[in-house]
Each structure stands twice: as C-alpha cells, then as structure tokens.
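Survey of secondary and tertiary structure
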Amino acid sequence: MEKIDNLFDKIVKIANSRGFVFNASSIYGGLRSSYDYGPLGALLKNNISGSWWKDINQDSKVSIFPIDTAIIQSSEVWKASGHLAEFTDPMVDHKPTGERFRADQVPENLKKEDLTEPRQFNLMFETNIGPVQNENSAVYLRPETAQGIFVNFENVQRTMRAKLPFGIANIGKSFRNEITPGQFIFRTREFEQMEIEYFCRKENENEWFDFWVNKRLEWYKGIGIPEEKLRLREHEENELAHYASKTVDIEFDYPWGWGELEGIANRGSFDLSSHESSSGKDLSYFDSETNEKIAPVVIEPAGGLTRTLFALLCSTYDEEVINDTTRTLFRFNFEIAPVQIGILPLSKKEELIKVSNEIQQTLQKFFRTEVDVTQSIGKRYRRQDEIGTPYCVTIDFDSLEDLSVTIRNRDSMEQERIKIEDLLDYFLKI
Ligand code: GAP
C-alpha cells in the first residue's frame, strides 16, 4: 500500500462520521481523551477480542484458563504489586500557563522556558468505597488487568486442577490518569487490555518467552495488520519495569512513527512472591509427581484492545482513484469486519425488499449482515467500502426471474452472479 497523506486526521474523521468512535459526552462539548465506541466500533472491538480468545483457547500447544476479575480490588493488591509506590510518572508544570506535562513529553518549544522541577505523580485513579470517607476507604481503579490474575492464581490452579505450564487470561478495562493522553485512542485514561500470565518452570522460561513473542506477532498479522507495519524491539536495561528481567515490545508503525502495541515481559516470580509475603497465603505450585514446591516464573503478553483497534484502522485504511473519484476503504478481513456482507436491493420495490429480507434472514444466522436500501447502488457500494464490508450482495429485477444475485468483492470490485440457494455455502467456504 502507498503511504497515505494526513492518515491520522482521516482516521479520526471517518471513525466519527461512520460510527466507529465518538468523542465521549459529545453533546456537552466532549470530554478530552475519552471516547465512546459506536455501533461499528463496538462490533470491531468485539471481533478483535473474540479472535484473541479463540487464538489462545483453541491452540493445543497451550493451556489457558479465562478469568474476568473486578476493576476495584483491595488496596492491598496495589501495595503488594508495587503500583502504590512505583506506578508514577515524573510531571512538570509550565509556570506561565500552568500546563502540565510528563517530564519526557514537554513540547520542544517549551523546553527552554520556565518549568518546575519534576515531581512524581501516581497514575492510579483513587476513589472511595462506602458512604464514609476515611483513610481506610480509599480504593483504586485497576491500572492493569494482570494483578487480577496473580491474586487468583491459587483459586484457578486449585479449581481447574491446572498443571504447569498453564496460563490465565484476563480482558477488560484498565484506568490510568495519564498526564498527557492523546493521539486519539492510542493513549487514553480509560482503555481495554488483553493480558495473559503464562506460568512455567524457571528452566523453560526462555523457550516460553520466545513462543509467546512469536505467537502474538502472528496473531497481529492474522487479524490483518501487514507484516511491514510490525516489528519487535527489546527493552534496554534502563527501560525495564521494576518487575521485569526481559521485555520485548511488538511495535506498530503509527502515523507518527513506531510505538508500542504490546509488551511481552518475563516477570519472574516477582508478583506471586510479593502477594505471598503480603497476604501470608501460600502461592507456590506443588508438583505431586516430584513432591516439590515450585515458585512459577511468569511470561506476560500484555496487549491493548483499544490500541489494536486503532492500529487496525490505520493499517487497513486505503484510498484508490477510480475514474477521477477517490474511493476510500478499510481492507478488514472477513473474520474481523464489523459488517461482513452488505445486502443491497437495487430499488425499494416491495418484491426486491422481500427477497433481500429473506436472504438476510438466512445469512445473519452465520454472519454480520446489513440491509441498505437508501441512495443509488454506486453510493451504497462506496459506503460499504468505507466501513470495510468485504462483500455486497445485490438483488435486482432479474433476481426475481433467475433466482440469482450479484456478489461484489470489495477489494477487486469484481462481480459474479450466483444462485440464491448457493449463497450461504459460498460465504461459509470463505
Ligand atoms: N501488565 C503489564 C502492562 O500493563 P503495559 O505495557 O503498561 O503493560 C500493556 O500495557 C498494553 O496496554 C500496552 O502495550 C498498550 O497496548 C495498552 N495500554 C497501556 N496504556 C494505555 C493507554 N493509556 N491507552 C491505551 N492503551 C494502553
């Protein structure tokens, strides 16, 4: 694909105009860096997370248990994990305007101006539980889904009779009071994560680390992000988080350059041993065959669902000039596309609408479909291109005679005629 001018602005615009992502509270002027996912965005997000679950739950090489943990946990969790003490960013104020920046993100033109000394700012959102506010009522919105896994390690291992190596996967909202959120949904204060903690023996840590880096990279390609838009980058020693001995980021080529999409970290036994000493509960693994107590090592592939959605929008957006007009499209693959099949009766005549509705009733049991009856057929094809629908089925007056319809392929724009009775089979074979 050719490089597209002003890609970022185009994505933001189309995401809003076509119902993928809206600015939150827009009727009140919007809330900065907070977003709502519209009908197509909600579907797309669902399809991405569905693909993630499927990829890890239906792979015979790994054993993964799903979990869905609370956003608000005991504050002890964040004390033990190190987040209360360490999950901070250095912040500076620009004295003349009072604007606040992360120390490493001060705009070039302000760097020489009057800035305060950096001070540490905790990124967790604090709130209070119950009607009385006192020093014991403070709780925090989770800044990562990972800790919900560690504090349930024993519950899952015992109830599922899990044997090493095994993983626990958690997906959901996380919250960080980012000092400088921005770049649309790339960095927000409320976002969704998809995290796996894979528990293994120390002697196998490198093998599993490489396995997960490779598996996650392949998944991003599989959902339709082109290989040349992805790369791996290992963290330097001084970048490593307090819990990690090794981290490799899967980076994406965003409109402004390379940046993190997912991090795969070797967290050692840091988390389980911290929670063990803080809670007093035994969080070791007992190997009944060798009668040994083991402290499992953890490999963590930690991805962002909302950030993946953004990367997918950026890397599948395309423009083509045809007969002096530009058609814009998202080249979503069939599995991920919010709408998989557009059903377009040529006119609003009752006989055609009836056939369209019958076709939809058959197809929508298996696929995400949309019947569109407004505007000229050319305009409707363009709209379906714009929202990334891979196929359109057009019902015309001949359809009433030959019981056939036209299938139009989004990418090649080729059309083929097919019997209505063969439609379902055609799409099931894709
Ligand atoms: N448990 C480890 C952990 O949370 P992280 O690198 O801080 O690691 C993992 O986060 C992923 O979550 C990131 O690679 C990114 O995709 C996503 N993420 C983190 N902060 C985000 C934010 N403010 N907005 C959107 N996505 C974010």
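This one's a predicted model, so the numbers in the text were calculated from it and none came from an experiment.

1. Remarks on helix H11 (residues 377–386)
- Of all the residues in H11, the buried ones are Arg380, Tyr381, Gln384, Asp385 and Glu386.
- Gly388 lies just past H11 and shows a positive phi near 85°.

2. Things to note about the layout of surface pockets
- What the largest pocket holds in volume is close to 1500 Å³.
- Taken together, 48 residues make up the lining of the largest pocket; nearest its centre are Arg102, Arg176, Arg187, His235 and Glu260.
- For the lining of the largest pocket, the secondary-structure elements that each account for two or more residues are helix H4 (83–86), strand S4 (88–94), strand S10 (190–200), strand S12 (246–254), strand S13 (257–268), strand S16 (297–304) and helix H9 (305–316).
- Residue contributions to the lining of the largest pocket peak at eight residues, all from S13.
- The class makeup of the residues in the lining of the largest pocket is 16 nonpolar, 15 polar and 17 charged.

3. Quick word on the pattern of salt bridges
- Taken as a whole and assessed by the stated rule, the structure comprises 44 salt bridges.
- Residues Asp59 and Lys61 are paired through a salt bridge, measuring 3.7 Å at the closest nitrogen-oxygen approach.
- For Lys61, a relative accessible area of 57% gives the class exposed.
- Glu262 is the salt-bridge partner of Arg216, the closest N and O atoms lying 2.9 Å from each other. Taken together, the positions of Arg216 in helix H7 (residues 205–222) and Glu262 in strand S13 put the pair 46 residues apart, joining distant regions of the chain.
- Exposure remark for Arg216: the relative accessible area of 1% places this residue in the buried category.
- Here the salt bridges do not stand alone but share partners, grouping Asp318, Glu320, Arg327, Arg331, Arg382, Asp385, Arg408, Arg410 and Asp411 into one network.

4. With respect to the domain arrangement of the protein
- Each domain of the protein was delimited in the assignment, giving domain 1 (7–87 + 123–314) and domain 2 (339–428).
- A C-alpha centroid distance of 39 Å is found between domain 1 and domain 2.
- Each partner contributes to the interface: domain 1 provides six residues, whereas domain 2 provides five residues.
- Summed over both partners, the interface of domain 1 with domain 2 buries about 550 Å², with 58% contributed by carbon and sulfur atoms.
- Area buried by domain 1 at its contact with domain 2 is led by Arg18, Leu40 and Asn47, which between them contribute 65% of it.
- For the pair domain 1 and domain 2, the interface holds one salt bridge.
- Linking Arg18 and Glu386 is a salt bridge whose minimum nitrogen-to-oxygen distance equals 2.6 Å.
- For the pair domain 1 and domain 2, the interface holds one residue pair in polar contact (both at pLDDT 80 or more).
- The biggest single contributor to the side of domain 1 that touches domain 2 is helix H2 (residues 39–57), with three residues.
- For the side of domain 1 that touches domain 2, a count of residues per class yields four nonpolar, one polar and one charged.

Cut-offs and rules
Residues numbered from 1 in each chain as written. Predicted model: local features only at pLDDT ≥ 70, side-chain atom pairs only at ≥ 80, totals over all residues. Heavy atoms only, no water. Buried < 20%, exposed > 50% of the residue type's maximum accessible area, 1.4 Å probe, protein only. Helix = DSSP H or I, 4+ residues; strand = E, 2+ residues; numbered from the N terminus. 1 Å grid on protein atoms, 1.4 Å probe; cavity = no way out; pocket = protein on both sides within 12 Å on 5 of 7 lines; lining within 4 Å. Points joined across faces, edges and corners; volume = space filled by probe spheres on them. Nonpolar A, V, L, I, M, F, W, Y, C, P; charged D, E, K, R; others polar. Salt bridge = Lys/Arg side-chain N within 4 Å of Asp/Glu carboxyl O. Domains from an automatic or database assignment. Contact = heavy atoms within 4.5 Å. Buried area = accessible area lost by both parts, 1.4 Å probe. Polar contact = N/O pair within 3.5 Å; in protein donor to acceptor, adjacent residues only side chain to side chain.

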